[in-house]
Structures are given as C-alpha cells and as structure tokens.
Amino acid sequence: YLIVKLLPIIAAPLITSSLSMDDIGYIALFELCIAPVYIICNFGVSTIIKSKWHQIKYDEKNGLVSFLFITCTLLSIIAIVPIIFFPNQIYYTILGNRWDALKPLLPLMQLSIVFIIPKEIFNSWSIVENKISLNNKINLFSAGLNTTGIILVALFTKNYIHVITAYFVCRMFVGLLQSAI
C-alpha cells in the first residue's frame, strides 16, 4: 500500500523534468474534463455494494455486481452523449482556448469514462468479499503500470498527448482486467 502511494511522488521529478508546465497543465485539464462525468456515473456504487452486500443471498450477489456494472456503463454512455454531440460547446465554455490543445484527445476522454467504472465496482466488491490482498495486488500493478508507462513515454516523447494516451491505455487495460475478475 505504501509503495502505491510513493510511486507518483518518486515519478514526479522524472515526469516534470521531461514535460513543460503547459504540458503538465494539459494533463491535469484532461483529468478535470473526465471528473464530473465520473462522479455522475459512479452514483454511489461503493455505498450500494457495502451497505447491501451482507443483506443479499449468496446467489444474488453476482447479479448485484452485474446490475451495477451494466447500470454504470449505461450511465457512462448517457453521460458521454452530450460530450459526443456538443464537445466544443461544453469544453470551450469550461476551458476556453485551451480546449484546442485537448480536442484531439476527445475519444480518449469518452472511453476513459467507461473504463473508470470497473475500478470502483472492483474495489467495493473486493472489500466486502475480504479480497483485500487481491485488491492491493491489482492497485500495486495498476500504479506500477501507470507510473512506468507515463515515465517512459514522458522521457522518450516529451509530449503531453502521448503521455495522456499512455495513461489511457494503462487505465483501459486495468479496467478490462478488473472486469474479468
């Protein structure tokens, strides 16, 4: 657990020495563009799982996780619809001219929203099922993969678009892994 928390701190000097302040700002803006939709899509999944898990019969638990996964995915898709049809209006209002720098990453923003959802469901499920060890291993793997990917891409490309793409690919891979478990 401590390693997971220390990796970004250790990586920060390597990443910041390879990217400009504008590049780092664009990476932060990319995450900022995703955050509101993530909050809407998450809608308290962890609370539902943690509060109802022990009241549900064993054979209904998989159904609850499946239901939440499908519901969150559908909410993600519904939340993405305005971003698909009105991205310029939404993001120019929020970011102004900085949106021009992030516009090529719009598909990654949209897909990131979908791949964030399995993480929240997996984390809640692993807690209530006493699979903390598995959760910690996945989180360590995820942090290591993200940090390594971002450092390598930042060092070799010195380009924020490539760094965000690497971060997205890592997030997508971990989301698929968590969905499979």
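As shown above, the structure is provided for reference.
Counting restarts for each chain, with residues numbered from 1 along the sequence as it is written. Local features are withheld for residues below a pLDDT of 70 in this predicted model, meaning they are given only at 70 or higher, and side-chain atom pairs are given and counted only at 80 or more; totals for whole chains, interfaces and linings count all residues. The basis for every side-chain value is the complete set of non-hydrogen atoms in the structure, without hydrogens or water.

Student: Whenever I open this one, the packing of helix α8 (residues 132-157) against helix α9 (residues 160-180) confuses me. Can you help?
Tutor: A packed helix pair is summarised by two numbers, namely the angle formed by the two axes and the spacing between the axes. Simply put, an axis is a line fit to the C-alpha atoms, just over the touching stretch for a helix, and the angle between two N-to-C directions goes from 0 to 180 degrees. The numbering of helices and of strands both runs from the N terminus, where a helix is a DSSP run of H or I of at least 4 residues and a strand a run of E of at least 2. Their axes nearest at 8 Å, the elements α8 and α9 cross at an angle of 160 degrees. Judged by the angle between their axes, α8 and α9 are roughly antiparallel. As α8 packs across α9, the resulting crossing turns out to be right-handed. Touching Ile 138, Phe 141, Ser 142, Leu 145, Asn 146, Gly 149, Ile 150, Val 153, Ala 154 and Thr 157 of α8 are His 162, Val 163, Ala 166, Tyr 167, Cys 170, Arg 171, Phe 173, Val 174, Leu 177 and Gln 178, all from α9. Grouping the amino acids of the contact of α8 with α9 by side-chain chemistry returns 13 nonpolar, six polar and one charged. For classification purposes, an angle smaller than 35 degrees is called roughly parallel, one larger than 145 roughly antiparallel, one from 65 to 115 roughly perpendicular, and anything else oblique. Handedness of a helix crossing follows the sense of rotation of the near helix relative to the far helix, less than a right angle counterclockwise being left-handed and clockwise being right-handed. For this analysis, residues touch if any pair of their heavy atoms sits within 4.5 Å. Each residue gets one label: Ala, Val, Leu, Ile, Met, Phe, Trp, Tyr, Cys and Pro are nonpolar, Asp, Glu, Lys and Arg are charged, and the others, such as Gly, are polar.

Student: Could you clarify how one ought to interpret helix α5 (residues 87-95) in this entry?
Tutor: One turn of an α-helix holds 3.6 residues; hence residues three or four places apart share an orientation. Relative accessibility under 20% of the residue-type maximum defines a buried residue, over 50% an exposed one, and the middle range a partly exposed one, all with a 1.4 Å probe and only protein chains included. Looking at α5, one finds that the buried residues are Pro 87, Tyr 91 and Leu 95. One side of α5 holds all its buried residues, which, seen down the axis, span an arc of 15 degrees. With its phi angle positive at about 65 degrees, Gly 96 sits one or two positions after the end of α5. When we speak of the arc, we mean the arc of directions from the helix axis to the C-beta atoms.

Student: Just checking my understanding: could you explain the nonpolar core for this structure?
Tutor: Nonpolar side chains in soluble globular proteins generally cluster together in the buried interior. Of all hydrophobic cores here, the largest spans 23 residues; its most connected members are Phe 30, Tyr 91, Leu 95, Trp 99, Leu 102 and Met 109. Looking at this core, the elements with two or more residues in it are α2 (21-42), α4 (58-85), α5, α6 (99-102), α7 (106-128) and α9. Beyond its immediate chain neighbours, meaning those up to four positions away, Trp 99 contacts Pro 87, Asn 88, Tyr 91, Tyr 92, Leu 106 and Met 109. We call a set of buried Ala, Val, Leu, Ile, Met, Phe, Trp, Tyr and Cys residues a nonpolar core when their side-chain atoms join them within 4.5 Å. Core analysis: the second largest hydrophobic core is formed by seven residues, Ile 15, Leu 19, Ile 151 and Ala 154 among them.

Student: So what exactly am I meant to see when it comes to α9 here?
Tutor: For a helix, the expected span equals 1.5 Å multiplied by the residue count minus one. Across its 21 residues, α9 extends 30 Å between first and last C-alpha, which sits within 8% of the 30 Å expected from 1.5 Å per residue. Tyr 160, Val 163, Ile 164, Ala 166, Phe 168, Cys 170, Arg 171, Val 174, Gly 175 and Gln 178 are the residues of α9 that are buried. Pairs of N or O atoms are called polar contacts if they sit within 3.5 Å, as long as, within protein, a hydrogen donor faces a hydrogen acceptor (for residues adjacent in sequence, only side-chain-to-side-chain pairs). Structurally, the start of α9 carries an N-cap: the backbone nitrogen of Ile 161 is 2.7 Å from a side-chain oxygen of Asn 159.

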